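Descriptive analysis of the structure
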Amino acid sequence: MNFEPETYMTTDDSSGLIIVAVDGYSSSGKSTMAKALARNVGYRYIDSGAMYRAVTLYALRNNMISSDRSVDTTRVAADLDQIRIDFILTSDGQHTTLNGEDVEKEIRSMHVSNHVSPIAAIPAVRHALVARQQQFGREKGIVMDGRDIGTTVFPDAELKIFVNASAETRAQRRFQELMAKGAEVNYEEVLANVVHRDHIDETREESPLRKADDAIVLDNSCMTEDEQNRWMLDRFNETISRRG
Ligand code: DC
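Rules used in this analysis
Residues numbered from 1 in each chain as written. Predicted model: local features only at pLDDT ≥ 70, side-chain atom pairs only at ≥ 80, totals over all residues. Heavy atoms only, no water. Phe/Tyr/Trp six-rings, centres within 6.5 Å; stacked < 30°, edge-to-face > 60°. Helix = DSSP H or I, 4+ residues; strand = E, 2+ residues; numbered from the N terminus. Buried < 20%, exposed > 50% of the residue type's maximum accessible area, 1.4 Å probe, protein only. Lys NZ or Arg CZ within 6 Å of the ring centre and 35° of its normal. Pairing = 2+ DSSP bridges. Axes fitted to C-alpha atoms, helices over the stretch in contact; angles between N-to-C directions. Contact = heavy atoms within 4.5 Å. Near = heavy atom within 4 Å. Polar contact = N/O pair within 3.5 Å; in protein donor to acceptor, adjacent residues only side chain to side chain. Areas by Shrake-Rupley, 256 points an atom, 1.4 Å probe, with all protein chains shown as cover. pLDDT = per-residue confidence, 0-100. Core = buried A, V, L, I, M, F, W, Y, C linked by side-chain atoms within 4.5 Å.

**Points about the packing of aromatic side chains**
This structure, assessed with the given rule, holds 4 aromatic pairs. Between Tyr43 and Phe236, the ring centres sit 5.3 Å apart and the planes meet at 85°, which makes this aromatic pair edge-to-face. With Tyr43 in the loop between helix H1 (30–41) and strand S2 (44–47) and Phe236 in helix H11 (residues 225–243), this residue pair connects regions lying 193 residues apart in the sequence. You'll find Tyr43 and Phe236 in the same group, each marked buried. Between the aromatic rings of Phe175 and Tyr187, the centroid separation amounts to 6.1 Å while the plane-to-plane angle is 80°, which identifies the pairing as edge-to-face. You can see Phe175 sitting in helix H9 (residues 167–180) and its partner Tyr187 sitting in helix H10 (residues 187–203), a full 12 residues away along the chain. Residue Phe175 is classed as buried on the basis of its relative accessible area, which comes to 14%. Directly above the ring of Phe136 sits Arg132, whose terminal nitrogen or CZ lies 4.3 Å from the centroid.

What follows is the structure, given as structure tokens:
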């Protein structure tokens, strides 16, 4: 969805820029909304989940995860200062790079998805990535999505959104996405995976998924993509006007 330029407010004064933190459950549609907001207001979008995925790919390539899925956390932690993650703009959108290599496609594979949770639970990984995420936000003018953006990465973000939808709705969306990609899956399996991932995200010791006290909650179970984008833009404009 595209908005006309006059439907949003920005300011030439860089001190008027804000940080927008978008957290929520997997497959809640938060990335789609965060991306659309960034595009509509001319902010930079950062997908923090992609960063955890890139570290997972690095660990897989360097044999730090064994076939029983156990992770050599000491080796992962020791290599963290050699892992450089960035985002580049390509003709088909933003891509994640790992030490200069475009890994956007690989980090979305099922192989990486199946191994990312234990990597995202390693405290040293979280500390390194949170520091990198904070660097991205230094100049403000950023929309970042993830699980701990409003609580840990940017606890002072000017606008925090927490997105949710029922597990069934999210599983249905994920199921449609996978079917569209030609994957052979059944809905029950996808629902079980969604419920399992929610559990891991919520019960992880280090930065569990939790709504920040000052976050605005959006349950988008019954909203179209356009309605969600409009809702986000309204919250953004309210925040900018309040700051005067
Ligand atoms: O949003 P996603 O599915 O691409 O996230 C990939 C993994 O990274 C998932 O296991 C949740 C985790 N993650 C996290 O722990 N903290 C974040 N800020 C973003 C993602």
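Here the narrative resumes, following the displayed structure.
**Examining the sheet that holds strand S7 (residues 159–164)**
With parallel pairing, 5 strands are arranged side by side in an open sheet as S2-S6-S1-S7-S8. Lying at the two open borders of the sheet, with one neighbouring strand each, are S2 and strand S8 (216–219). Adjacent strand axes in the sheet meet at a mean angle of 20° when their direction is disregarded. Packing of H1 onto the sheet brings it into contact with strand S1 (19–24), S2, strand S6 (142–146), S7 and S8, and relative to S6 it is tilted by some 175°.

**Here we look at the sheet that holds strand S5 (residues 101–102)**
Pairing is antiparallel in the open sheet, where 3 strands are placed in the order S3-S4-S5. Edge strands, defined here as strands with exactly one partner in the open sheet, are strand S3 (85–90) and S5. Looking at chain direction, S3 and strand S4 (residues 93–98) are connected through 6 bridges and run antiparallel. Its bridge partner lying in S4, Leu89 is registered against Gln94. Sitting on the sheet, helix H2 (residues 48–61) is in contact with S3, S4 and S5, with an inclination near 40° to S4.

**Concerning the site of the ligand**
Within the structure, the ligand sits among 15 residues, and Arg53, Arg126, Arg147, Asp148 and Arg204 are positioned closest to it. Between Arg53 and the ligand, the recorded distance is 2.8 Å, taken from a side-chain N or O atom to an oxygen atom. Arg204 has a polar side-chain atom sitting 2.8 Å from an oxygen atom of the ligand. For the ligand, whose free accessible area comes to 450 Å², the fraction covered by protein is 93%. Elements with a contribution of two residues or more to the shell around the ligand: H2, helix H6 (116–120) and H10. It is H2 that provides the largest number of residues to the shell around the ligand, a total of 4 residues.

**Overview of the confidence of the model for the chain**
For the chain, the average pLDDT comes to 90, and 94% of its residues sit at 70 or higher. Here residues 1–13 is modelled with pLDDT under 50, and outside its nearest four sequence neighbours on either side it reaches 23 contacts, counting other chains as well.

**Points about the nonpolar core**
Of all hydrophobic cores here, the largest spans 38 residues; its most connected members are Val55, Val76, Ile119, Val125 and Met144. For this core, the secondary-structure elements that each account for two or more residues are S1, H2, S3, H6, helix H7 (123–136), S6 and helix H8 (149–153). Per-element tally for this core: the top contributor is H2, with 9 residues. In this structure, Val22, Met33, Tyr43 and Leu159 belong to the second largest nonpolar core, which totals 20 residues.

**Side note on unusual backbone geometry**
You will see that Arg69, though not glycine, has its phi angle at about 75°, which is positive. You can see Arg69 is positioned in the loop between H2 and helix H3 (73–79). Residues other than glycine seldom take positive phi values, yet Lys140 does so here, at roughly 60°. Structurally, Lys140 can be placed in the loop between H7 and S6. Of the residues examined, Lys140 reaches a relative accessible area of 32% and is grouped as partly exposed.

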